[in-house]
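# Structural features, examined
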Amino acid sequence: MARTAVRRANEWDGPSMLKVYAPYIGTPAAPEKELPALQDYVQRIDRYTYGLGWLLCEIDHQTAGFCHLSEDPSHPEDLFSVEIQLYVRQDLLRRGVGSALWSLMRDMMEMGNRRRVLCRVDRDNGRALAFFQAMGFAPLQGEPPQEPEKLWLAYTLRPWAPGAEKPTKPYLVEAADYEEARERAAEQVDVTGL
């Protein structure tokens, strides 16, 4: 049986993450029109992994998908609100990879006392819309950023310490809590027939 892991990403994962990301480039599913250079992508991973978070899902040590957080584009000064992007290898869609990544990222954000996560989905991307809605996202209320072709969705998190003055960085979350959440996430991936 195939072995599954969901874990924090690091710069050594950059090449395999770019392979997953490449088919999305130039489509409404990605914010970029050209594949970033490996060195630039590795710098992004280094910059955001420790402050916000990048996660990777592997099946038999092969990257199946990844997700990462960035600042809320409408309110970058709001440390408690972030945006998520999630990408799954095309041949592994509908096998629980996205659910596993979301599960661990959600748990990490709640352990870290974040309060809200946003995502933007192209209005014509029915598969992505269905996924995020199934995960509990709802249309963003108020004034979403002006992108008529995108639908902004939001998820209200349940922070472990709602009154925290600032979020806890992902790498400072208790190891035991992180490992328990990782194991729960990995169980969501369907590896039958692989």
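Quick summary incoming for the structure in this document. Worth saying up front: this structure is predicted, and the values here are computed from it rather than measured. (Residues numbered from 1 in each chain as written. Predicted model: local features only at pLDDT ≥ 70, side-chain atom pairs only at ≥ 80, totals over all residues. Heavy atoms only, no water.)

Looking only at helices and strands, the protein has five helices and seven strands in total. For the protein, the α and β elements follow one another from N to C terminus as β-α-α-β-β-β-α-β-α-β-β-α. In terms of overall size, the protein behaves like a compact globule, its C-alpha atoms giving a radius of gyration of 16 Å where 194 residues would be expected to give roughly 16 Å. In terms of overall dimensions, the protein has a C-alpha envelope of 45 × 40 × 35 Å along the principal axes. By residue count, 50% of the 194 residues in the protein fall in the buried class. The contacts in the protein between residues at least 6 apart in sequence include a share of 69% that link residues at least 24 apart. With an accessible surface of roughly 10,200 Å², the protein has 50% of that area assigned to carbon and sulfur atoms. (Helix = DSSP H or I, 4+ residues; strand = E, 2+ residues; numbered from the N terminus. Rg over C-alpha atoms; globule rule 2.2 N^0.38 Å. Buried < 20%, exposed > 50% of the residue type's maximum accessible area, 1.4 Å probe, protein only. Contact = heavy atoms within 4.5 Å. Areas by Shrake-Rupley, 256 points an atom, 1.4 Å probe, with all protein chains shown as cover.)

Where helix α1 (residues 14-21) meets helix α2 (residues 38-49), the closest approach of the two axes is 10 Å, and the angle between their N-to-C directions is 105°. In terms of their interaxial angle, α1 and α2 are classed as roughly perpendicular. Mapping the contact onto sequence places Gly-14, Pro-15, Met-17, Leu-18 and Tyr-21 in α1 and Leu-38, Tyr-41, Val-42 and Ile-45 in α2. In terms of residue class, the contact of α1 with α2 is built from eight nonpolar, one polar and no charged. (Axes fitted to C-alpha atoms, helices over the stretch in contact; angles between N-to-C directions. Parallel < 35°, antiparallel > 145°, perpendicular 65-115°, else oblique. Nonpolar A, V, L, I, M, F, W, Y, C, P; charged D, E, K, R; others polar.)

Counting buried positions along strand β1 (residues 4-8) gives four out of five residues, so the element sits mostly inside the fold. Looking at chain direction, β1 and strand β2 (residues 54-59) are connected through five bridges and run antiparallel. Within the sheet, the bridge partner assigned to Arg-8 lies in β2 and is Leu-55. (Pairing = 2+ DSSP bridges.)

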